[in-house]
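# A closer look at the structure
Here is what each chain is made of, one letter per residue.
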Amino acid sequence: MSERVVIVGGTSGIGLSAAALLARTGRDVVIAGRGEERLEQALKEIGEGATGAVVDARDPEATRAFLAGAAPVDHVVITVTGRGQAAGPLASLTAQALRQAVEDKLIAHLMAAQAAVEAMRPGGSLTFVTAASAGSSFPGVSGLAAVNGAIEATVPGLAVELAPIRVNAVSPGVVDTGWWEWLGEERQAALDGFAAGTTVGRVGTPDDVAEAVAYLVGASYTTGTILRVDGGGFLKP
């Protein structure tokens, strides 16, 4: 019997790439996303055997019902995020933007994790997708760092609390996805600038991060780990 992997936020970007990669390894993949049209397109891209449902991860009860319906589950990957509400200098950060970022990511991740545990077989894995802003020293990321850092801070404790379920996180650097659309016409210039700040000379792709997710799903001796995937961005001042 193949392992079942549920990806919450699996209809676009990193989540979709991870779903496609895990499906190619022979796993039974179930995805969730907020929009019907995007869900249908994602299922076509992943291919035969993948299933999914329209679920807003900001709704804990809907997420719990979805995961209960997918049970028993071996692995759950949580990739949901907001759209840059908390990005920018501290001086321009609003309480509302920060609250929205917490709702869209921190609360969504932890409530999805709570629901996932109820649906999982012993010895499975839970993988968060955070962001390298959690440990970044770049100006203008304090809000993003607060949210992603909070998720990463839960990983070691949850790995002990939920054992034998393994708990890890992938912490990507700048990845070229739709997340950056909030920058508008400045998007490409910003990505080019970020590329110059890596040692590999480019920003990441969803497939780059999907490989790290797939590693953690299959790495049965790895838990409590934050896996940085940032193209060497942490190595440059």
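Residues numbered from 1 in each chain as written. Predicted model: local features only at pLDDT ≥ 70, side-chain atom pairs only at ≥ 80, totals over all residues. Heavy atoms only, no water.

### With respect to the side chain of Ser-125
Our working rule: To qualify as a helix, a DSSP run of H or I must reach at least 4 residues; to qualify as a strand, a run of E must reach at least 2; elements of each kind are numbered from the N terminus. Residue contacts follow a heavy-atom distance rule, with two residues in contact if any of their heavy atoms lie within 4.5 Å.
Residue placement: Ser-125 occurs in strand β5 (residues 120–129). Every residue in contact with Ser-125, bar those within four places of it in the chain, is listed here: Asp-74, His-75, Val-76, Met-120, Ile-165, Arg-166, Leu-216 and Val-217.

### Structural notes on the packing of helix α1 (residues 13–24) against helix α2 (residues 36–46)
The cut-off we apply is this: For every element, the axis is a line fit to its C-alpha atoms; helices are fit only across the contacting stretch, and the angle between N-to-C directions ranges from 0 to 180 degrees. Handedness of a crossing follows from how the near helix is turned relative to the far one, being left-handed for an anticlockwise turn of less than a right angle and right-handed for a clockwise one. Nonpolar residues are Ala, Val, Leu, Ile, Met, Phe, Trp, Tyr, Cys and Pro. Charged residues are Asp, Glu, Lys and Arg, and all others, Gly as well, are polar.
As a packed pair, α1 and α2 sit with axes 9 Å apart at the nearest point and diverge in direction by 35°. Where α1 crosses over α2, the two elements pack in a sense that is right-handed. Touching Leu-16, Ala-19, Ala-20 and Ala-23 of α1 are Ala-42, Glu-45 and Ile-46, all from α2. Per-class residue counts for the contact of α1 with α2 are 6 nonpolar, no polar and 1 charged.

### Focus: the sheet that holds strand β7 (residues 226–229)
Filter applied, for reference: Think of it this way: DSSP has to see at least two bridges between two strands before they count as a pair.
Judged by pairing direction, the sheet is parallel, and its 7 strands sit side by side in the order β3-β2-β1-β4-β5-β6-β7 without closing on themselves. The sheet is open, and its two borders are formed by β3 (51–54) and β7, each paired with just one other strand. Taken pair by pair, the neighbouring strands of this sheet meet at an average axis angle of 15°, ignoring direction. Bridging between β5 and strand β6 (residues 166–172) involves 5 bridges; their strand directions are parallel. Across the sheet, Ser-125 pairs through a bridge with Arg-166, a residue of β6. Taken strand by strand, helix α4 (residues 95–119) contacts β4 (73–78) and β5, and its axis lies near 170° from that of β5. Where helix α5 (residues 142–161) meets the sheet, its contacts fall on β5, β6 and β7, and the angle it forms with β6 comes to roughly 160°.

### Quick word on the pairing of β5
Worth spelling out the cut-off: Burial classes follow relative accessibility: with a 1.4 Å probe on protein chains only, a residue under 20% of its type's maximum area counts as buried, one over 50% as exposed, and anything between as partly exposed.
The buried count for β5 comes to 7 of 10 residues, which makes it a mostly enclosed element. By the bridge criterion, 5 bridges tie β4 to β5 in an arrangement that is parallel. Paired with Val-77 across the strands is Thr-127, a residue of β5.

Don't take any of this as a statement about function, it's just geometry.
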